[in-house]
Amino acid sequence: MSFSAQSTSEEVCHVLAEYIRGSRVLITGVTLGSIGGEAALQISRHAPALLVLAGRDLQNLQATENAIKRETPDANTRLLILDLSSQQSVRKAAAEVNSYPERIDRLINNAGVMAAPYTTTPEGVELQFGINHIGHFLFTNLILGRMMSGESTVRVVNVSSAGHKRGPVRFEDLNFQDGKCYDKWQAYGQSKTANMLFSVSLAEKAGGKGVESFSLYPGRRETGIGRHLKPEEWVNAGWKHEDGRINDDPKLNWRTASQGAATLIVAAYDPSISDKNGSYMVNNQVNNGEAVDYALDPGNAERLWKLSEEIVGQKFEY
């Protein structure tokens, strides 16, 4: 399929409507105004059989569901409480999904945190790595067996970022010496690199059994994920002018909500990318050339898989 950097979610959904219709999709991180919330809203207009809205805050989930129902009253939505920072919550949510009568065939791992101050999950994992990667790693693997139990292929989409270029996975020191040498941007980079390596692993381990996985950069957009940043940090990063206006340099790849969500939808539904399993997408296209080598390296992917299994205390084999 031919999409461009400017393609909107409306355009993408129009082209992919026949694949969205009847699908059963679960999206994490669906707050209104976020790219996950926008993806949910756009997908809901094209008759998926089931749309599961997953997040930690029930009120936020209900707000997104209400927005969907206002437009599409008969949309089959379901809410799932999922706190990715807590392995206990992740396991409870996965058990709930596995009890559904329907089988999920599209999983969009979108929720995330960016540039957060140093803190750890209840299990002692640095928060950005814990939420952005470990929570999704555990949740995905706990429901993947059920997802794979049908005839058709399934898709797992991991939302990464150009921020993966800020740092590789620090295999010997995930927690930055327990916060003593913490750099919030390196920590973010580590977690986004992990998202990409997770897709590499899923393609390698389960690709022969009908699992397709893609990671992606949705483009830059000011959403709640930037809530930890002070106004001067936006300016110092070159993303905004001092008067608060967005710096509209094309290299910064600013996207509207609709454009930002488009790559999530392409990654979840476009059949023409199936032969690029495990790849990284930018601007609605597979573009591994935009990835730093360490983020797509099969050796790093395997090492991360084993480390992640140790952190969650469970092995996953396909």
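Preceding block: the structure.
Residues numbered from 1 in each chain as written. Predicted model: local features only at pLDDT ≥ 70, side-chain atom pairs only at ≥ 80, totals over all residues. Heavy atoms only, no water.

Trainee: Describe the sheet that holds strand β5 (residues 154–159), and please don't skip the residues or the numbers.
Mentor: Strand order in this open sheet of 8 strands is β3-β2-β1-β4-β5-β6-β7-β8, and the pairing throughout is mixed. Strand pairing shows two members of the sheet lacking a second neighbour, β3 (77–81) and β8 (285–286), which therefore form its edges. As paired elements, strand β2 (residues 50–55) and β3 share 5 bridges and run parallel to each other. Residue A54 lies in a different strand from β3, and its bridge partner there is L80. Helix-sheet contacts for helix α5 (residues 127–147) involve β1 (24–28), β3, β4 (106–109), β5 and β6 (211–217), and the interaxial angle to β4 is about 180 degrees. The strands that helix α6 (residues 184–206) touches are β4, β5, β6 and β7 (280–282); relative to β5, the one it contacts most, it runs at about 160 degrees. (Pairing = 2+ DSSP bridges. Helix = DSSP H or I, 4+ residues; strand = E, 2+ residues; numbered from the N terminus. Contact = heavy atoms within 4.5 Å. Axes fitted to C-alpha atoms, helices over the stretch in contact; angles between N-to-C directions.)

Trainee: Account for the pairing of β6, naming residues and giving values.
Mentor: When a strand is regular, its side chains alternate between the sheet's two faces. Counting buried residues in β6 gives 7 out of 7 residues, a clear majority hidden from the surface. A two-sided burial pattern is seen for β6, the buried positions comprising V211, S213, S215 and Y217 on one face and E212, F214 and L216 on the other. With respect to chirality, the unit in which β5 leads through α6 into the neighbouring parallel β6 is right-handed. Note: β6 against β7, 3 bridges, orientation parallel. Pairing of Y217 across the sheet is with V282, part of β7. (Buried < 20%, exposed > 50% of the residue type's maximum accessible area, 1.4 Å probe, protein only. Right-handed = clockwise from strand over helix to strand, strands pointing away.)

Trainee: An account of the packing of aromatic side chains is requested, with residue identities and associated values reported.
Mentor: Evaluated as defined, the whole model comprises 8 aromatic pairs. Between F137 and F316, the aromatic rings sit 5.9 Å apart at their centres with planes inclined by 80 degrees, giving edge-to-face as the arrangement. Here F137 is found in helix α5, whereas its partner F316 is found in the segment after α9 (298–312), with 179 residues between them in sequence. You'll find F137 and F316 in the same group, each marked buried. (Phe/Tyr/Trp six-rings, centres within 6.5 Å; stacked < 30°, edge-to-face > 60°.)

Trainee: Account for helix α3 (residues 58–71), with residues named and values stated.
Mentor: Two residues of an α-helix separated by three or four positions point the same way, owing to the 3.6 residues in each turn. Compared with the 20 Å implied by 1.5 Å per residue over 14 residues, the 20 Å span of α3 between its first and last C-alpha is a close match. L61, T64, E65, A67 and I68 are the residues of α3 that are buried. Buried residues along α3 cover an arc of 155 degrees about the axis, so they all sit on one side. Facing away from the buried side of α3 by over 90 degrees, the exposed positions are Q59 and R70. The secondary structure elements touched by the buried residues of α3 are α2 (35–44), β2 and β3. At the N-terminal boundary of α3, the capping side chain belongs to D57, with an oxygen 3.0 Å from the backbone nitrogen of Q59. (Expected span 1.5 Å × (residues − 1). Arc of directions from axis to C-beta. Polar contact = N/O pair within 3.5 Å; in protein donor to acceptor, adjacent residues only side chain to side chain.)

Trainee: Could you give an account of unusual backbone geometry, naming the residues involved and the relevant values?
Mentor: Positive phi values are uncommon outside glycine, yet F176 reaches one of about 50 degrees. For F176, the position within the fold is in the loop between β5 and α6. Even without glycine at this site, D178 takes up a positive phi of about 55 degrees. Along the polypeptide, D178 turns up in the loop between β5 and α6.

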